[in-house]
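Chain by chain, the residues:
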Amino acid sequence: MSVAGSMRFDILTIFPELLSSPLQEGILRRALAAGQIAVHLHNIRDYAVDKHKMTDDRPFGGGEGMVMKPEPLAACLADVQSTQPGRVILLSPRGNRYDQKQAVRLSRHSRLVLICGRYEGVDERFTRLFVDEEVSIGDYILTGGELAAMILVDSITRLLPGVLGCRESVNNDTFSRGLLKHPQYTRPRIFENVAVPEELLTGNHAVISAYRLVESVSLTLERRPELLAAMHFDARQRKILDRAGLLNDVEQLQKK
């Protein structure tokens, strides 16, 4: 798949078909069609040096599983990098944990080369010679790096200018502003005898803003209190939180 765009992703994988479907839906499809991103899928097997197209072998020293061979990976990467080099990222459980700050950082690159690890890992010589950084999407194990690569593509794409219809969607996302997002409601006004909070129906932007701040901080305190440690609230926000009985909890948390 190849579409001209302002941000280019090259994905190296032994299962390119696994990645085709997500690129045909939603925001990614529209970004591809608009030329805002380009996604190129490269089959590592095409660069295998033996007649059986082997991309893995048993580990030296014994042990469970198989290890991805360095030769096919290096040949595939050399072909990909021959036109315009990009930042090379290996999706790996031992990498730095991926979060919104990492997504913002990587979105500043014009080209990313994502390598999907498999099996018990990748030959260390390839990693040391050719990989700029290793990234992990969390403390759990997947069967391969393909889904992790798509998470990077999706989360980075939505940060690019013009991809989302409303830029405030990016600025107000959970993690973008350091807090979990407040609860959201839509029509109908009453569902299963539960009504939409009255504050959201006032039409008063100050009242709505204050309500959402309180709900957001309350939810963050309950579920992800560590996120509040580095948060700065201005005088108006602190007054709102004080009235809601949350300021003392936030201050105690930030003193730790």
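Residues numbered from 1 in each chain as written. Predicted model: local features only at pLDDT ≥ 70, side-chain atom pairs only at ≥ 80, totals over all residues. Heavy atoms only, no water.

A. Spotlight on the nonpolar core. The biggest cluster of nonpolar side chains holds 30 residues, and the ones touching the most others in it are Phe 9, Ile 11, Ile 37, Leu 114, Leu 152 and Ile 156. For this core, the secondary structure elements donating two or more residues are β1 (7–13), α2 (26–33), β2 (37–43), β5 (87–97), α4 (100–106), β6 (111–116) and α6 (146–157). Among the elements that make up this core, the one with the highest residue count is α6 (six residues). Filtering out sequence-adjacent residues up to four positions away, Phe 9 remains in contact with Ile 37, Ala 38, Val 39, His 40, Leu 112, Leu 114, Val 153, Ile 156 and Thr 157. Formed by 15 residues, the second largest nonpolar core is a distinct cluster that contains Ile 14, Leu 73, Leu 77 and Val 122. (Core = buried A, V, L, I, M, F, W, Y, C linked by side-chain atoms within 4.5 Å. Buried < 20%, exposed > 50% of the residue type's maximum accessible area, 1.4 Å probe, protein only. Helix = DSSP H or I, 4+ residues; strand = E, 2+ residues; numbered from the N terminus. Contact = heavy atoms within 4.5 Å.)

B. Representation of the side chain of Ser 107 in the model. Residue position: Ser 107 is located in the loop between α4 and β6. Residue Ser 107 is classed as buried on the basis of its relative accessible area of 18%. In terms of polar contacts, Ser 107 uses its side chain to reach the backbone carbonyl oxygen of Val 104, at 2.7 Å. Contact partners of Ser 107, with chain neighbours within four places excluded, come to Met 7, Ile 156, Leu 159 and Leu 160. (Polar contact = N/O pair within 3.5 Å; in protein donor to acceptor, adjacent residues only side chain to side chain.)

C. Just the environment of Met 54, in detail. Of note, Met 54 is situated in the loop between β2 and β3 (56–57). By relative accessible area, which is 35% here, Met 54 ends up partly exposed. For the pair Met 54 and Ile 44, spaced 10 residues apart in sequence, the C-alpha separation works out to 9.6 Å. Among residues more than four places away in sequence, those in contact with Met 54 are Ala 48, Lys 69 and Pro 72.

D. Just the pairing of β5, in detail. Direction of pairing for β5 relative to β6: parallel, over a ladder of five bridges. Bridging from a neighbouring strand, Ile 89 pairs with Leu 114 of β6. Examined bridge by bridge, β5 and strand β7 (residues 133–136) share five bridges and lie parallel to one another. Note that in β7 the partner of Asn 96 across the bridge is Val 135. (Pairing = 2+ DSSP bridges.)

E. Summary view of the sheet that holds β2. Across the sheet, which stays open at both edges, the five strands sit in the order β2-β1-β6-β5-β7 with parallel pairing between neighbours. Unpaired on one side and paired on the other, β2 and β7 mark the two borders of the sheet. Strand-to-strand twist across the sheet, computed as the mean angle between neighbouring axes with direction ignored, equals 35°. Of the strand pairs in this sheet, β1 and β2 are connected by seven bridges, and their pairing is parallel. Each residue of the ladder has a partner; that of Ile 11, found in β2, is Leu 41. Against the sheet, α6 contacts β1, β2, β5, β6 and β7, and its axis sits at roughly 175° relative to β1. (Axes fitted to C-alpha atoms, helices over the stretch in contact; angles between N-to-C directions.)

F. The packing of helix α8 (residues 205–223) against helix α9 (residues 235–243), seen in detail. Running from N to C, α8 and α9 point in directions that differ by 70°, and their axes come no closer than 10 Å. Classified by the interaxial angle, the pair formed by α8 and α9 is roughly perpendicular. Here α8 runs over α9; the crossing is right-handed. Contacts from Ser 209, Ala 210, Leu 213, Val 214 and Val 217 of α8 reach α9 at Arg 236, Gln 237, Ile 240 and Leu 241. (Parallel < 35°, antiparallel > 145°, perpendicular 65-115°, else oblique. Left-handed = near helix turned anticlockwise from the far one by under 90°.)

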